[in-house]
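Survey of secondary and tertiary structure
Each chain is listed here by its residues.
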Amino acid sequence: MKKVYADEKWCLGCGLCNVYCRTCHSETNDIVKAHNFEEPRPKSRLHVETGEKVNFALQCRHCDDPKCVTACITGAMQKDPDTGLVTNDTDRCVGCWTCVLACPFGAIVRDEDAGKVAAKCDLCVKSGEPECVKHCPNNALKFEDRE
Amino acid sequence: MNYVIIGNSAAAVGCIEGLRKNDTKASITVISDEVHHVYSRPLISYYLAGTVTHENMVYRKADFYEKMNVKTMLGSKATAIDAKKKAVTLENGETVGYDKLLIATGSSAFVPPIDGLDKQNNVFTFLKYDSALDIEKLIDKDAKVVIVGAGLIGLKAAEGLAPVSGSVHVVEMADRVLPMILDEQGAAPVQAKMQENGVTFHLGITAQKVVDKDRVEKVVLKDGTEIACDVLVMAVGVRPNVAEAMAAGVKANRGILVDENMRTNVDDIYAAGDVTEAVDVTTGEHKIMALWPNAYLQGRAAAYDMCSAEHDFDGVFPMNAVGFFGLPIITAGVQDGEDMQVLSTGENGESKRFIVKDDILVGMILVGDVDRAGIYTYLMSEKIPLSTLTKKLTDDDFGLMAFEEEQRNERLSS
Amino acid sequence: MSLQLGWPDYMVIRDENRCIKCEVCAKQCANEVHKLDSDYDKMMADESKCVNCHRCVALCPTRALKIKVNDLEFKPNANWTGSAIKEIYKQASSGGVLLSGMGNTKPYPVYWDKMLINASQVTNPSIDPLREPMETSVLLGRKPEKLEFDKDGKLKTKMPPQVKLDVPVMFSAMSFGSISKNAHEALARAATDLNIMYNTGEGGLAKEFYQYGPNTIVQIASGRFGVHPEYLNAGAMLEIKIGQGAKPGIGGHLPGEKVGEAVSKARMIPRGSDAISPAPHHDIYSIEDLRQLIYSLKEATNYTKPVSVKIAAVHNSPAIASGIARAGADIIAIDGFRGGTGAAPSRVRDNVGIPIELALAAVDQRLREESIRNDVSLVVGGSIRNSADIVKAIALGADACYIASSALIAVGCHMCQNCYTGKCNWGIATQRDDLVKRLNPDIAYERLMNLITAWKHEIEELLGGMGINAIESLRGNRLMLRGIGLNQKELDILGIQHAGE
């Protein structure tokens, strides 16, 4: 499946991916409103890790055998057998954070403000191409099928 | 091939999904003494608190059995297993033959002997949906709830019932809450958080007797304290439901002993979930690891072995995520032992405690700040030497950056 | 000196309503202008550090930022202008030579903009380049007096070494050191795929760049950094650098901070040591000396590669060019006074040398008069900004153009002219790892490819408009140019008529 891959060699750690991730997952879909006015404040589903020499932005790997899915106590976290996308049904998620405990990438974000649900990368299905990839200024994120 | 599963919870679902991955044709039968469509047991406290609806209690969608082509015998208790004839006998005398059997009968609440405690109609164990539905009928904003036991079940019951009842008292023999998974440093903020939300604790003491015969009206503690009671929840512990299995010659200590593929000592009989004692891969010891995700994984592992299919199963170890009134707690692995080094950090009610043995992370307790806990879990399951990491576990920005370049890139490109 | 007489050159204007405090500006500014004040949860700016490079502006996701020239003014004075006064303040405070990056900023005439190109109407009809073949390739090198063929029609004349360009454009010398490895890589890759040339500058050549050899010009400058037989043979053309348009008569100075491991290896000098290129080549004090070096290089490369000599455009360029041609050079490169540089004393940059247009016209004229024009190819640089500049240069007599500033602008340079600080926020003129990685060579390569491809199309359009179907037919065809707003002397030097004539 097509996934977002980070290339630590080119990541600047600028955090623009976070900005566009938040915007894409906001109600208003407006960058300024999403960050300055919207309540609850949308959360980014990426972790930007910065180091001395390299940086990278990491999000859900949509694993073949996702540990978050097998761990989920409610059945909210599911892997779509057709698309491979791992999604969380926020109506059913109770915020027990078992997925946070299970995900070996630390890719799941706790969204306490939005009613205590696990927030994670959905590859921006609603906008076609992941926003983090679209707006990365240095091609450090690629949306590719590498299998 | 004819597969039979006794039990209808996480391990059963793991087994069904595992079987169907490998075998779309075989017959699968699920036998359960509960009448409900498969539901999420940990959610019953949420249901009582009103945060999860009846519809959302289901662990898999309504068409799950149909889609998986599973025959269900719900509301039928399996009373005996004949390992020679390869058949399960039900309460109504009916027998169900099997080629491979999974015992996923879970556990039952252990109710300690307390003076006067009988089968009063306001005493519950908080393990099953039915008991939640019964409790629901007795709960109103004046109801007085007494919970015996401040373990996971007791505290989840307290959390669920506090917002919808008049008062919640928790009685615990140990001197702190969650004594099995938290140390004092971890337990204190949990207790504080629960007290803030109206839960009263009686720690380091036991319930001596209950009054009356038909209905428990009050609970009397050892020091004579009397607590008025409309609902009594007994949550001191659980015992695996092993009786039928043992009668069939399946070996068990407290739980059924299984190998890494969930096989019991009897051919074609597997066991998974809370009923088992499996190997804790972090310590190599057999133990009961009665936790939802483990049950699922074990059920699935059993399924793959039943089908003789290749399976990447790393085994399980104790790990748990739980929260009380918004204070999250994550624990994993062992909490104490010989030659262990403890690293800890934290302030303002948040704490992290890591237990390290021979350069390997073997346990952790995270209270409050649990973000990215799975990376630590990964270190534990993969037994990655901590000396190869470039950051300390207690660093605020601990993440994949701590891994060596090659390992990090392998992770990033997965 | 606590009292600063000047004030910041720029103002940072932040639209508070649009700022989302994402801190991208703070993370991206190597000059540390922006900062999130955690006490007040507000982005703050230290304008005194701003160089107006636009990195923050370009990356700000909400377009909340603007950098403006500080509009605080001195009392109007046509002689003592603000910049004249501020330069004195700076020097009175530092005691140092004023440094600048990139090219001449003074409002001297740009002759490209005072020349107009012809087009065909009715007679000699124009050509549509989308429908008919159009030749934009050129060969650089000494051309023989005449060509002889055998009875089968095969060429008998032995051709001197030539370099073929698909478009009459080359990336001029920018050393690895003055620009980053990623910038260098982008130029090399683009030159290869465009089938043009790029130039190593005086920085030597790192091993990993040898793969681009067929499209590489290896430069030999006064410091002789990184020069060895393998290096000389690594490229397809050699260039002796005598001078540079931005700083004629001045040597170069790469500060030790920029000499990291890779640069030190390529230049064959110790890490951290200053790389100082002397003003003259210490073995060249005459045309005869130059001839010796040219022939040494030809010997070293077995007469298989053309040798170019690059000079700055100065007052007596025509005579010097004549000497260079007679010294045996195959190509003469002339760099005008608007050409760029990584660092130059501002006074030199802004006051020394002459415009390339005049130098080109004069040199071409002189070589023709001496009948040695075919002995050399002429390459000109020093602020070629677009395809029209190239067409005009070729009509004035050039064989090809050198571009550098345009190429850097294509990959992100915003002409802040602070290259010499080594803190280029665009990852171009820097050796700082965290800044170098900002220029992903994949992206930079693509931009360069796009730019030259676009220019090629435009050149074809302009040629077609003139009814010309090969760039060779335009070379030196000054009838295709007319001056506008030029006096008779300028027209005479350029060798063109005035518009309307």
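On a predicted model such as this, the values are computed, not experimentally measured, just so you know. (Residues numbered from 1 in each chain as written. Chains lettered and ligands numbered in written order. Predicted model: local features only at pLDDT ≥ 70, side-chain atom pairs only at ≥ 80, totals over all residues. Heavy atoms only, no water.)

1. Side note on the overall build of chain A
A tally of helices and strands in chain A yields five helices and eight strands. In chain A, the succession of helices and strands from N to C terminus is β-α-α-β-β-α-β-β-α-β-β-α-β. Taken over the C-alpha trace, chain A has a radius of gyration of 15 Å; the compact-globule value for 147 residues is 15 Å, and the two agree within 12%. Principal-axis analysis of the C-alpha atoms places the extent of chain A at approximately 40 × 40 × 30 Å. Counted over contacts in chain A with a minimum sequence separation of 6, partners at least 24 positions apart contribute 56%. Summing over all exposed atoms, chain A offers an accessible surface of approximately 5800 Å²; the carbon and sulfur share of this is 47%. (Helix = DSSP H or I, 4+ residues; strand = E, 2+ residues; numbered from the N terminus. Rg over C-alpha atoms; globule rule 2.2 N^0.38 Å. Contact = heavy atoms within 4.5 Å. Areas by Shrake-Rupley, 256 points an atom, 1.4 Å probe, with all protein chains shown as cover.)

2. Concerning the overall build of chain B
Of the regular secondary structure elements, chain B holds ten helices and 26 strands. In terms of overall dimensions, chain B is globule-like: its C-alpha atoms have a radius of gyration of 22 Å, near the 22 Å expected for 414 residues. Dimensions of chain B, computed from the C-alpha atoms along their principal axes, are close to 60 × 60 × 40 Å. Considering chain B as a whole, with its 414 residues, one finds that 54% of them fall into the buried category. For chain B, the share of sequence-separated contacts (at least 6 apart) that also reach a separation of at least 24 residues comes to 60%. Only carbon and sulfur atoms are counted for the fraction: they give 46% of the accessible area of chain B, which is about 17800 Å². The positive charge centre, built from 41 side chains, and the negative charge centre, built from 60, are 4 Å apart in chain B. (Buried < 20%, exposed > 50% of the residue type's maximum accessible area, 1.4 Å probe, protein only. Lys, Arg positive; Asp, Glu negative; His and termini not counted. Charge placed at Lys NZ, Arg CZ, Asp CG, Glu CD.)

3. Description of the pairing of strand 20 (residues 276-279) of chain B
Residues and elements named next belong to chain B. The sheet contact formed by strand 18 (residues 256-257) and strand 20 spans two bridges and is parallel. Within strand 20, the position partnered with isoleucine 256 by the bridge is threonine 276. Note that strand 20 and strand 21 (residues 286-287) share two bridges and pair antiparallel. In the sheet register, valine 279 faces strand 21, and the bridge partner there is histidine 286. Joining the antiparallel neighbours strand 20 and strand 21 is a turn of six residues, in which glycine 284 adopts a positive phi near 80 degrees. (Pairing = 2+ DSSP bridges.)

4. Notes on the domain arrangement of chain A
Residue and element names in this part refer to chain A. Parsing chain A into structural domains produces domain 1 (1-59 + 130-147) and domain 2 (62-120). Each of domain 1 and domain 2 has a C-alpha centre, and these two points are 19 Å apart. In this complex, domain 1 contributes eleven residues to the contact, which on the side of domain 2 involves 17 residues. With both chains or domains summed, domain 1 and domain 2 bury close to 1000 Å², and 60% of this area falls on carbon and sulfur atoms. Looking at the side of domain 1 facing domain 2, the largest losses of area belong to Met1, Lys43 and Arg45, adding up to 48% of the total buried there. Counting across the interface, domain 1 meets domain 2 through zero salt bridges. Linking domain 1 with domain 2 are three residue pairs in polar contact (both at pLDDT 80 or more). (Domains from an automatic or database assignment. Buried area = accessible area lost by both parts, 1.4 Å probe. Salt bridge = Lys/Arg side-chain N within 4 Å of Asp/Glu carboxyl O. Polar contact = N/O pair within 3.5 Å; in protein donor to acceptor, adjacent residues only side chain to side chain.)

5. Things to note about the nonpolar core
What tends to happen in soluble globular proteins is that the nonpolar side chains get buried as a cluster. Residues and elements named next belong to chain C. If you look at the biggest cluster of nonpolar residues, it comprises 116 residues, and the most contacted ones within it are Phe171 and Ile428. No other element matches helix 14 (residues 441-465), which puts eight residues into this core. Dropping the residues within four chain positions of it, isoleucine 428 is found in contact with Ser178, Ile179, Ser180, Ala183, Leu408, Val411, Gly412, Cys413 and Leu439. (Core = buried A, V, L, I, M, F, W, Y, C linked by side-chain atoms within 4.5 Å.)

6. Some remarks on the interface of chain A and chain C
On the side of chain C, 20 residues touch chain A, which itself brings 21 residues to the contact. Buried area between chain A and chain C, summed over both chains or domains, comes out near 1600 Å², and the portion from carbon and sulfur atoms is 59%. Summed over the shared surface of chain A and chain C, the number is zero salt bridges. Every element with two or more residues in the side of chain A that touches chain C is listed here: helix 1 (16-24) and helix 2 (31-36) of chain A. Broken down by element, the residue count for the side of chain A that touches chain C peaks at four residues, all from helix 2 of chain A. Within the side of chain A that touches chain C, the residues separate by chemical class into eleven nonpolar, seven polar and three charged. (Nonpolar A, V, L, I, M, F, W, Y, C, P; charged D, E, K, R; others polar.)

7. Details of the sheet that holds strand 11 (residues 216-220) of chain C
Residue and element names in this part refer to chain C. If you walk around this closed barrel you meet the eight strands as 9-10-11-12-15-16-18-19, and the pairing is parallel. Neighbour-to-neighbour, the strand axes of the sheet open up by a mean angle of 30 degrees, direction not taken into account. Relative to strand 16 (residues 331-335), strand 15 (residues 307-312) runs parallel, the two being bridged by five bridges. Within the sheet, the bridge partner assigned to valine 309 lies in strand 16 and is isoleucine 332. (Axes fitted to C-alpha atoms, helices over the stretch in contact; angles between N-to-C directions.)

8. A word on the environment of valine 211 of chain B
All names here are of chain B. Relative to the helices and strands, valine 211 is located in strand 13 (residues 207-211). Its relative accessible area of 23% is what places valine 211 among the partly exposed residues. What valine 211 contacts, discounting residues up to four positions off in sequence, is Val216, Glu217, Lys218 and Val220.

9. What about the sheet that holds strand 22 (residues 319-324) of chain B?
Strand pairing in a sheet relies on backbone hydrogen bonds, with the paired strands running either antiparallel or parallel. Residue and element names in this part refer to chain B. Spatially, 22-23-26-25-24 is the arrangement adopted by the five strands of the open sheet, whose pairing is antiparallel. Edge strands, defined here as strands with exactly one partner in the open sheet, are strand 22 and strand 24 (341-345). Ignoring strand direction, the axes of neighbouring strands in this sheet form an average angle of 15 degrees. In this sheet, strand 23 (residues 327-333) lies alongside strand 22 in antiparallel orientation, the contact comprising six bridges. Note that in strand 23 the partner of phenylalanine 324 across the bridge is leucine 327.

10. Remarks on the side chain of threonine 341 of chain C
Residues and elements named next belong to chain C. Position of threonine 341 relative to the elements: it lies in the loop between strand 16 and strand 17 (344-345). For threonine 341, a relative accessible area of 7% puts it in the buried group. A distance of 3.1 Å separates a polar side-chain atom of threonine 341 from the backbone oxygen of alanine 343. Those residues in contact with threonine 341, other than ones at most four positions away along the chain, are Ser100, Gly101, Met102, Gln244, Ala246, Lys247 and Cys419.

11. Description of the interface of chain B and chain A
Listed by partner, the interface residues are 44 residues for chain B and 39 residues for chain A. When the area that chain B buries against chain A is broken down by residue, the three leading residues are Arg372, Met401 and Leu412 of chain B, summing to 21%. Our count for the contact surface shared by chain B and chain A stands at five salt bridges. Across the pair arginine 300 of chain B and aspartate 65 of chain A runs a salt bridge, and its minimum N-O distance is 2.6 Å. For the interface between chain B and chain A, the tally reads 16 residue pairs in polar contact (both at pLDDT 80 or more). Of all the secondary-structure elements, those providing two or more residues to the side of chain B that touches chain A are helix 8 (292-306), strand 22, strand 23, helix 9 (373-382) and helix 10 (405-412) of chain B. Grouping the amino acids of the side of chain B that touches chain A by side-chain chemistry returns 23 nonpolar, twelve polar and nine charged.

12. Focus: the packing of helix 11 (residues 387-396) of chain C against helix 14 of chain C
When two helices pack together, their arrangement is captured by the angle between the axes and the distance separating the axes. All names here are of chain C. Viewed as axis vectors pointing N to C, helix 11 and helix 14 meet at an angle of 50 degrees, and their least axial separation amounts to 9 Å. What the angle tells us is that helix 11 and helix 14 run oblique. Helix 11 and helix 14 meet at a crossing whose hand is right-handed. Residues Ser387, Ala388, Ile390 and Val391 of helix 11 form the contact with helix 14, whose participating residues are Trp455, Glu458, Ile459 and Leu462. (Parallel < 35°, antiparallel > 145°, perpendicular 65-115°, else oblique. Left-handed = near helix turned anticlockwise from the far one by under 90°.)

13. Considering the packing of aromatic side chains
Counting across every chain of the model gives twelve aromatic pairs over all chains. Ring centres of tyrosine 47 of chain B and tyrosine 129 of chain B lie 5.5 Å apart, and the angle between their planes is 90 degrees; this geometry places the pair in the edge-to-face category. Placement of the pair is tyrosine 47 of chain B in helix 2 (residues 44-49) and tyrosine 129 of chain B in helix 4 (residues 129-138), with a sequence separation of 82 residues. For tyrosine 47 of chain B, a relative accessible area of 13% puts it in the buried group. Taken together, a centroid distance of 6.4 Å and an interplanar angle of 50 degrees make the contact between tyrosine 295 of chain C and tyrosine 303 of chain C tilted. Tyrosine 295 of chain C gets classed as partly exposed once you look at its relative accessible area, which sits at 28%. Looking at arginine 55 of chain C, its charged tip hangs above the ring of tryptophan 426 of chain C, at a distance of 4.8 Å from the centre. The ring of tyrosine 210 of chain C has lysine 207 of chain C lying over it, and the distance from NZ or CZ to the ring centre is 4.8 Å. (Phe/Tyr/Trp six-rings, centres within 6.5 Å; stacked < 30°, edge-to-face > 60°. Lys NZ or Arg CZ within 6 Å of the ring centre and 35° of its normal.)

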